[in-house]
Amino acid sequence: MKSERKAFTLVELLIVISIIGILVGMIVPAISSAQRSALKTTTKALLTNMATALERYKDEYGFFPTFLSNRDRTNLDDGNYSENFVKAVSGLDGDGKPLSQSDRREFNRKARKFIEFNSNNLVQKGGSQWKIIDSFGNPNIYVCVDGNNDGFIKQGFPNASDSINSSTLKELVPNPQVGLRSKAILFTLKKDSKKATADFSSEDVFSWQ
């Protein structure tokens, strides 16, 4: 005689479903955290490569691009700064075409290639304008350079108004009065993703940390 197989009761099924829901709730944040960590790593690599490209530019020409050196901090998302940056450090325009003679005179006289951008970090927004973006899709990339050639960046680096906690700021900039011993630094800020018009995520990522 065959034994009868007992079916799950409705209560038992609800308990199993609840347990699965709890497990999924525990796993998903962990996956999200791992993904964000990976994106922060690739973003830092991009920022570091961009800083190195600027240093190579300075070694080649003896100065930084004017649109960067004439201000303490430049957000590449403002105006045409992102396109200007591409022209200066890649020797090409956003379409990958050779620079015009006027652009060569202004940005990169010898059309030297100090860095190469790709479709993951250079996108066309608004139908025409090219933007450098980080791994989160964030175009707000801040650049500070040593414009007076004294070996230090004294202004423009992250501060309390950038919504960074004091302990992290102390690690980033141990002595704000002296500044940072560097030729060029780049960083992104988590607070930018909170803008009303933001269509991207962002994190605090620093090329020199």
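In what follows, the structure referred to is the one given above.
Below, the structure is looked at part by part. (Residues numbered from 1 in each chain as written. Predicted model: local features only at pLDDT ≥ 70, side-chain atom pairs only at ≥ 80, totals over all residues. Heavy atoms only, no water.)

### Things to note about the layout of surface pockets
Consideration 1: Its volume calculated, the largest pocket comes out at about 190 Å³.
Consideration 2: Thr-42, Ala-45, Leu-46, Asn-49, Ile-115, Glu-116, Phe-117, Asn-120, Asn-121, Ile-133, Asp-134 and Ser-135 are the residues that line the largest pocket.
Consideration 3: In the lining of the largest pocket, the residues fall into five nonpolar, five polar and two charged.
Consideration 4: Of the voids in this model, the second largest pocket is the one considered here, and its volume is about 150 Å³.
Consideration 5: Forming the boundary of the second largest pocket are Leu-68, Ser-69, Arg-71, Asp-72, Val-145, Asp-146, Gly-147, Asn-148, Phe-152, Ile-153, Lys-154 and Gln-155.
Consideration 6: Secondary-structure elements contributing two or more residues to the lining of the second largest pocket are helix 2 (66-69) and strand 5 (152-153). (1 Å grid on protein atoms, 1.4 Å probe; cavity = no way out; pocket = protein on both sides within 12 Å on 5 of 7 lines; lining within 4 Å. Points joined across faces, edges and corners; volume = space filled by probe spheres on them. Nonpolar A, V, L, I, M, F, W, Y, C, P; charged D, E, K, R; others polar. Helix = DSSP H or I, 4+ residues; strand = E, 2+ residues; numbered from the N terminus.)

### What about the nonpolar core?
Consideration 1: Membership of the largest hydrophobic core comes to 29 residues, with the highest contact counts inside it found for Met-50, Leu-54, Phe-85, Phe-117 and Ile-132.
Consideration 2: Of all the secondary structure elements, the ones that give two or more residues to this core are helix 1 (10-61), helix 2, helix 3 (81-90), strand 3 (129-132), strand 4 (142-145) and strand 7 (184-188).
Consideration 3: With eight residues, the single largest contributor to this core is helix 1.
Consideration 4: Beyond its immediate sequence surroundings of up to four residues, Phe-117 is in contact with Met-50, Phe-85, Val-86, Val-89, Ser-90, Leu-122 and Ile-132.
Consideration 5: Ile-153, Ile-164, Leu-169 and Leu-189 belong to the second-largest nonpolar core, a separate cluster that totals 13 residues. (Core = buried A, V, L, I, M, F, W, Y, C linked by side-chain atoms within 4.5 Å. Buried < 20%, exposed > 50% of the residue type's maximum accessible area, 1.4 Å probe, protein only. Contact = heavy atoms within 4.5 Å.)

### Observations regarding unusual backbone geometry
Negative phi is the rule for most residues except glycine; trans is the rule for most peptide bonds.
Consideration 1: A positive phi is found at Ala-111, a non-glycine position, where the angle reads about 55°.
Consideration 2: Structurally, Ala-111 is set in the loop between helix 4 (101-106) and strand 2 (122-125).
Consideration 3: Although it is not a glycine, Ser-163 adopts a positive phi angle of roughly 60°.
Consideration 4: For Ser-163, the position within the fold is in the loop between strand 5 and helix 5 (166-172).

### Points about the environment of Phe-152
Consideration 1: With respect to the helices, strands and loops of the structure, Phe-152 is situated in strand 5.
Consideration 2: Spatially, the C-alpha atom of Phe-152 lies 6.0 Å from that of Gly-179, the residues being 27 residues apart in sequence.
Consideration 3: Those residues in contact with Phe-152 that lie beyond four places of it in its chain are Asp-146, Val-178, Gly-179, Leu-180, Arg-181 and Ser-182.

### Focus: a nonpolar patch on the surface
Consideration 1: Together, Leu-10, Leu-13, Leu-14 and Ile-17 give the surface a local cluster of nonpolar side chains, amounting to about 410 Å² of exposed area.
Consideration 2: You can see Ile-17 is positioned in helix 1. (Patch = residues over 30% accessible without salt bridge, like charges linked within 9 Å, V, L, I, M, F, W, Y side chains within 5 Å. Areas by Shrake-Rupley, 256 points an atom, 1.4 Å probe, with all protein chains shown as cover. Salt bridge = Lys/Arg side-chain N within 4 Å of Asp/Glu carboxyl O.)

### Quick word on the pairing of strand 7
Consideration 1: Across the five residues that make up strand 7, a large majority, five, are buried.
Consideration 2: Here strand 7 shows a buried face lined by Ala-184, Leu-186 and Thr-188 and a second buried face lined by Ile-185 and Phe-187.
Consideration 3: Of the strand pairs in this sheet, strand 4 and strand 7 are connected by four bridges, and their pairing is antiparallel. Directly across from Val-145, in strand 7, lies its bridge partner Ala-184.
Consideration 4: Note that strand 7 and strand 8 (residues 205-206) share two bridges and pair antiparallel. Its bridge partner being in strand 8, Thr-188 is matched across the sheet by Val-205. (Pairing = 2+ DSSP bridges.)

### Things to note about the pattern of salt bridges
Consideration 1: Under the defined criterion, the tally for this structure stands at ten salt bridges.
Consideration 2: A salt bridge links Arg-36 to Glu-203; the nearest nitrogen and oxygen atoms lie 2.7 Å apart. Of this pair, Arg-36 sits in helix 1 while Glu-203 is found in the loop between strand 7 and strand 8, placing the two residues 167 residues apart along the sequence.
Consideration 3: Its relative accessible area of 28% is what places Arg-36 among the partly exposed residues.
Consideration 4: By relative accessible area, which is 10% here, Glu-203 ends up buried.
Consideration 5: For the salt bridge of Asp-150 with Lys-154, the shortest nitrogen-to-oxygen distance reads 1.9 Å.
Consideration 6: On the accessibility criterion, Asp-150 (33% relative accessible area) is partly exposed.
Consideration 7: Among the charged side chains, a salt-bridge network with shared partners connects Glu-60, Lys-110 and Arg-112.

By themselves, these figures tell us nothing about what the structure is for.
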